[in-house]
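Observations on the model geometry
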Amino acid sequence: TQLLEQSPQFLSIQEGENLTVYCNSSSVFSSLQWYRQEPGEGPVLLVTVVTGGEVKKLKRLTFQFGDARKDSSLHITAAQPGDTGLYLCAGRNSGGSNYKLTFGKGTLLTVNP
Amino acid sequence: NAGVTQTPKFQVLKTGQSMTLQCAQDMNHEYMSWYRQDPGMGLRLIHYSVGAGITDQGEVPNGYNVSRSTTEDFPLRLLSAAPSQTSVYFCASSYLLRGGTDTQYFGPGTRLTVL
């Protein structure tokens with residue numbers, strides 16, 4: 001089983017601060033996704049990165065896929081209370097046909113007004 | 001277009017009881033899957049299906065059965081509920097891409113408690 005380690009597990013910050021969440025593995029992934037989950041709901045896809053070194057921006061969120069495709073980061077600029085939620089990374093195995101996503105344990109972000 | 005629907009939203013069972021968690025999608029997705037989410041454990045794959053009549057085991061399949069008789073429906077059966085199966089269950093679906101799957105769409109979840 002390929003493992004994805006997310007850090008930190010919990011993060012509590014004030015509105016306006018910047019933060020970075022990390023997703024690391026010893027395995028190579030063909031693609032990596034970031035999801036956000038709000039209480040009582042299912043996860044919702046934020047972004048998919050597929051190329052080593054790729055950077056994608058979604059408003060105040062910046063996602064990066066490591067050059068070796070083993071790690072990824074999510075950076076939020078000027079966090080707002082609406083960013084509060086559980087952030088999950090999920091990777092798809094590299095090589096061959098594989099439909100399974102491996103999820104990290106998540107980072108629970110709280111942005112205080 | 002309702003997306004992915006799950007019923008029931010909440011369920012309480014006694015140890016040894018059986019039940020079926022329902023999942024349906026109206027997006028004509030080939031791929032469907034079941035996950036369980038426990039505190040501090042993230043999402044763990046139970047079973048998945050790449051099309052009607054085809055199912056396979058995920059990371060934690062013991063104690064669960066699935067079937068896929070139609071493209072739309074993918075029910076999850078608990079044969080004899082145990083307290084260790086207390087969890088939140090999510091169903092997800094997506095299109096299949098060459099070598100993998102497209103964006104996963106998740107249902108709202110079923111919160112199951114086994115006493």
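Presented here is an overview of the structure given in this document. Per chain, residues are indexed from 1 in the order of the written sequence. Following the order in which they are written, the chains are lettered starting with A and the ligands numbered starting with 1. Given that the model is predicted, a residue must reach a pLDDT of at least 70 before its local features are reported, and side-chain atom pairs must reach 80 or more before they are shown or counted; all residues, however, enter totals for whole chains, interfaces and linings. As a rule here, side-chain values come from all non-hydrogen atoms in the structure, and water together with hydrogens is ignored.

Quick look at the environment of Thr77(A) now. For helices the rule is a DSSP run of H or I covering at least 4 residues; for strands it is a run of E covering at least 2, with both sets numbered from the N terminus onward. Looking at the secondary structure, you find Thr77(A) in the loop between strand S8 (71–76) and strand S9 (85–93). Spatially, the C-alpha atoms of Thr77(A) and Arg36(A) are 16 Å apart, while their sequence positions differ by 41 residues.

All right, on to the state of the cysteines then. Whenever a pair of cysteine sulfur atoms sits within 2.5 Å, that pair is classed as a disulfide. The tally for this structure, following the rule as stated, stands at two disulfides over all chains. Cys23(A) shares a disulfide with Cys89(A); S-S distance 2.1 Å. Judged by the sign of its S-S torsion, about 75 degrees, the bond between Cys23(A) and Cys89(A) is right-handed. Of this pair, Cys23(A) sits in strand S3 (residues 19–24) while Cys89(A) is found in strand S9, placing the two residues 66 residues apart along the sequence. By the burial criterion, Cys23(A) is buried, and Cys89(A) matches it. The disulfide that involves Cys23(B) links it to Cys91(B), with 1.9 Å between the sulfurs. An S-S torsion of about -70 degrees defines the bridge between Cys23(B) and Cys91(B) as left-handed. Per-residue accessibility, obtained with a 1.4 Å probe over protein chains only, is compared with the maximum for each type, and a residue is labelled buried under 20%, exposed over 50%, and partly exposed between these values.

What follows concerns the interface of chain A and chain B. Counting from both sides, the interface comprises 21 residues of chain A and, opposite them, 23 residues of chain B. Once two parts are put together, the accessible area they lose, assessed with a 1.4 Å probe and summed over both, is termed the buried area. Of the roughly 1,700 Å² buried between chain A and chain B, counting both surfaces, carbon and sulfur atoms make up 58%. Salt bridge criterion: a side-chain nitrogen from Lys or Arg within 4 Å of a carboxyl oxygen from Asp or Glu. Here chain A and chain B share zero salt bridges between them. Two N or O atoms form a polar contact when they lie within 3.5 Å of each other; inside protein one atom must be a possible hydrogen donor and the other a possible acceptor, and for residues adjacent in sequence the pair counts only when both atoms belong to side chains. Our count for the contact surface shared by chain A and chain B stands at one residue pair in polar contact (both at pLDDT 80 or more). If you list the elements that add at least two residues to the side of chain A that touches chain B, you get strand S4 (29–37), S9 and strand S10 (101–103) of chain A. The criterion used for residue contact is that any of the two residues' heavy atoms lie within 4.5 Å.

That bond from Ser7(A) to Pro8(A) is cis: its omega, -10 degrees, falls within 30 degrees of zero. Position of Pro8(A) among the secondary structure elements: in the loop between strand S1 (5–7) and strand S2 (10–14). A cis amide bond links Thr7(B) to the next residue, Pro8(B), at an omega of -10 degrees. One non-glycine residue, Arg69(A), lies in positive phi territory at about 60 degrees. Locating Arg69(A) in the fold gives a position in the loop between strand S7 (61–65) and S8.

Here we take up the nonpolar core. Nonpolar side chains in soluble globular proteins tend to end up buried together. We call a set of buried residues a nonpolar core when its members are Ala, Val, Leu, Ile, Met, Phe, Trp, Tyr or Cys and they connect through side-chain atoms within 4.5 Å of each other. Core analysis: the largest hydrophobic core is formed by 21 residues, its most contacted members being Leu19(A), Leu32(A), Trp34(A), Phe63(A), Leu74(A), Ile76(A) and Leu109(A). Contributing elements (two or more residues each) for this core: S3, S4, strand S5 (44–49), S7, S8, S9 and strand S11 (107–112) of chain A. Core analysis: the next-biggest nonpolar cluster, separate from the first, contains 20 residues, Leu13(B), Cys23(B), Trp34(B) and Leu76(B) among them.

Purely geometric numbers; function is a separate question.
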